[in-house]
Amino acid sequence: MHLTLPDEAATQALARTLAERARPGDVLLLAGPLGAGKSTFARAFIRALANDPALTVPSPTFTLVQSYETSGTTIWHYDLWRLSDHRGLEELGWDEAQEGIVLVEWPERLGPLTPSHALHVTIAHGTTGGREVTLAGEQRWFDAS
């Protein structure tokens, strides 16, 4: 599925919609160049699941992973920018994270650990200032609720 999003608010709205469909065991792979909106998407998604629009959601660029406890599950937010590959992910709670909901920025670093059931969210800069988003995954992500 391909979407053209005119602004940051539309990116956040998409994230909130997908958060409504997320359940424990889900993995969302957020791909795209620097500044495309991966962190904006992740923040809106996490805030929606936590039911807290003011929740502080720092980028895990330096910590590599942040986790958030919600009433229903744990949300794990990985930023693999500083990793060269998947080695070391077990030290970052990767196996445990699979029981919650996982967001991964720079998912190409996962290599063989890439879950086959993941929702692929590719975000790119649009030609008119917005964002071009491609979603690929199980049909349940695209069915109207």
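A brief report on the enclosed structure follows. (Residues numbered from 1 in each chain as written. Predicted model: local features only at pLDDT ≥ 70, side-chain atom pairs only at ≥ 80, totals over all residues. Heavy atoms only, no water.)

Here we look at unusual backbone geometry
In step 1: Even without glycine at this site, Asn 51 takes up a positive phi of about 55°.
In step 2: Tracing the backbone through its elements, the reader meets Asn 51 in the loop between helix 2 (38-50) and strand 3 (65-69).
In step 3: Residue classification places Asn 51 among the exposed positions, given a relative accessible area of 69%.
In step 4: Despite not being glycine, Trp 106 has its phi angle at roughly 65°, a positive value.
In step 5: Overall, Trp 106 belongs to the buried group, its relative accessible area being 10%. (Helix = DSSP H or I, 4+ residues; strand = E, 2+ residues; numbered from the N terminus. Buried < 20%, exposed > 50% of the residue type's maximum accessible area, 1.4 Å probe, protein only.)

Examining the environment of Tyr 78
In step 1: Among the structural elements, Tyr 78 can be located in strand 4 (residues 74-79).
In step 2: The class of Tyr 78 is buried, set by a relative accessible area of 0%.
In step 3: Residues Tyr 78 and Thr 61, 17 residues apart in the sequence, show an inter-C-alpha distance of 8.1 Å.
In step 4: Polar side-chain contacts of Tyr 78 include one of 2.8 Å to the backbone oxygen of Leu 92. (Polar contact = N/O pair within 3.5 Å; in protein donor to acceptor, adjacent residues only side chain to side chain.)

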